[in-house]
Amino acid sequence: MGEKAQSSYGVWPVVKPFVNGGASGMLATCVIQPIDMIKVRIQLGQGSAASITREMLKNEGFGAFYKGLSAGLLRQATYTTARLGSFRILTNKAIEANDGKPLPLYQKALCGLTAGAIGATVGSPADLALIRMQADATLPAAQRRHYTNAFHALTRITADEGFFALWKGAGPTVVRAMALNMGMLASYDQSVEFCKDQLGFGEGATVLGASAVSGFFAAACSLPFDYVKTQIQKMQPDAQGKYPYTGSLDCVMKTLKAGGPFKFYTGFPVYCVRIAPHVMMTWLFLNHIQKLEKKAGF
């Protein structure tokens, strides 16, 4: 009894949401990585999902779908650890301030926005390495960087472009993460309450249904920001050393002028197929991890 009481005041209850969040995100990434690779190449203008898949299998082999996995795992170990952990800490504090009552949707959304900003700031270097590694094979041979893994990419970027280049595109990355996590985190908690209290679902159906709703809203809210972020992070200077965009706003304006608002939703079906299952599996893995911990007495 004394050990259980003591554990509730130790270090583990504080770090537990962060450890669980990072582990669930990394497991989900191992499954989703091939779809993420196809999504990035669609946004880089390499063709449709079917044609990209055929060309990659023909020219690069199956292993090409997992290029950048080390950066993806590093991103989850930083970004998802920070965002899911901080979201749970923030919501718990807010519930305490609300006398234990469920939070209204707008407060959950604010917690999601804040958690997204924290996670994206921590995970931005790994996100940049992931984009660079995935885009490298699409560049002309003379411009390829030939990164071997995430840490090699981070080291090369620091050596060639400076330490703060690791946060190149951090502005759109943070904004995109705020939009994604507002949609993902707030809608999940709200859906769990609705499925349990209004629909009377059991635990399994509640987690599955809430995960699906969470995945849809995460994708719908974040794709325009993801498009801008990808364009900024992968841009190369021309022969005169001039970049195609001076910043996020310039990218938005030029994209609107060239293709209209729907240009930001380029690759939406694949993006939705990639984001929604990743979100769903993150929640499912997280729920399973929590069950195992509860069973083990942690």
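The name given to the protein in an unreviewed UniProt entry is Dicarboxylate/tricarboxylate carrier, with the source organism recorded as Heracleum sosnowskyi. You can read under Subcellular location (unreviewed entry) in the UniProt record for the protein the words "Mitochondrion inner membrane". Recorded in UniProt under Sequence similarities (unreviewed entry), the annotation for the protein is "Belongs to the mitochondrial carrier (TC 2.A.29) family."

A. Geometry of the layout of surface pockets. Put simply, the largest pocket is a space of about 420 Å³. What lines the largest pocket is a set of 17 residues, among which P13, P17, R88, I89 and N92 lie closest to the centre. If you list the elements that add at least two residues to the lining of the largest pocket, you get α2 (12-43), α4 (69-97) and α10 (268-296). Tallied by class, residues from the lining of the largest pocket come to 8 nonpolar, 3 polar and 6 charged.

B. The arrangement of α4 in detail. Spanning 29 residues, α4 covers 40 Å between terminal C-alpha atoms, matching the ideal 42 Å at 1.5 Å per step. Just downstream of α4, D99 is the residue with a positive phi angle, here 60 degrees.

C. The packing of aromatic side chains, seen in detail. Per the counting criterion, the structure on display carries 8 aromatic pairs. Summarising the aromatic geometry, the rings of F62 and Y66 are spaced 6.1 Å apart at their centres and angled 55 degrees between planes, so their arrangement reads as tilted. Taking the relative accessible area as the measure of exposure, F62 reaches 56% and is therefore exposed. The class for Y66 is partly exposed, based on a relative accessible area of 29%. Measuring from ring centre to ring centre gives 5.5 Å for F216 and F217, while their planes differ by 80 degrees; the resulting arrangement is edge-to-face. Classification of F217 by relative accessible area gives partly exposed; the value is 40%. An aromatic cluster is present here, built from F62, F65 and Y66 joined pairwise through their rings.

D. Spotlight on the packing of helix α7 (residues 170-198) against α10. As a packed pair, α7 and α10 sit with axes 12 Å apart at the nearest point and diverge in direction by 50 degrees. Considering their axes alone, α7 and α10 lie oblique with respect to each other. The handedness of the crossing between α7 and α10 is right-handed. Between α7 and α10, the residues in contact are R176, L180, M184, L185 and Y188 and Y271, R274, I275, V279 and W283, respectively. Classifying every residue of the contact of α7 with α10 gives 8 nonpolar, no polar and 2 charged.

Thresholds, definitions, all that
- Residue positions are given per chain, counted from 1 along the sequence in the order it is written.
- Two thresholds apply to this predicted model, a pLDDT of at least 70 for residue-level local features and 80 or more for giving and counting side-chain atom pairs, whereas whole-chain, interface and lining totals are computed over all residues.
- The side-chain figures draw on all heavy atoms in the structure; neither hydrogens nor water molecules are used.
- UniProt positions are given in the numbering used here, feature names are shortened, and annotations may be inferred rather than shown by experiment.
- The rule is simple: put a 1 Å grid over the protein atoms alone, call a set of points where a 1.4 Å probe fits but cannot get out a cavity, call an open set with protein on both sides within 12 Å along at least five of seven lines a pocket, and count a residue as lining if it has an atom within 4 Å of a point.
- Grid points are joined across faces, edges and corners, and a volume is the space filled by probe spheres set on the points.
- Here a helix means four or more residues in a row that DSSP labels H or I, a strand means two or more in a row labelled E, and each is numbered from the N terminus.
- The classification used treats Ala, Val, Leu, Ile, Met, Phe, Trp, Tyr, Cys and Pro as nonpolar, Asp, Glu, Lys and Arg as charged, and all other residues, Gly among them, as polar.
- Helix span, as expected, comes to 1.5 Å for every residue beyond the first.
- Any two rings among Phe, Tyr and Trp, with Trp reduced to its six-membered ring, count as a pair given centres within 6.5 Å; such a pair is stacked if its planes are under 30 degrees apart, edge-to-face if over 60, and tilted if neither.
- Buried, partly exposed and exposed residues are distinguished by accessible area as a fraction of the type maximum, computed with a 1.4 Å probe on protein chains only: under 20%, between the cut-offs, and over 50%, respectively.
- The angle between two axes is taken between their N-to-C directions and runs from 0 to 180 degrees, where each axis is a line fitted to C-alpha atoms and a helix contributes only its stretch in contact.
- Just so you know how the angles are binned, under 35 degrees is roughly parallel, over 145 roughly antiparallel, 65 to 115 roughly perpendicular, and the rest oblique.
- Working rule for handedness: look at the near helix, and if it is turned counterclockwise from the far one by less than a right angle, call the crossing left-handed; if clockwise, right-handed.
- By the convention used here, residues are in contact when the closest approach between their heavy atoms is within 4.5 Å.

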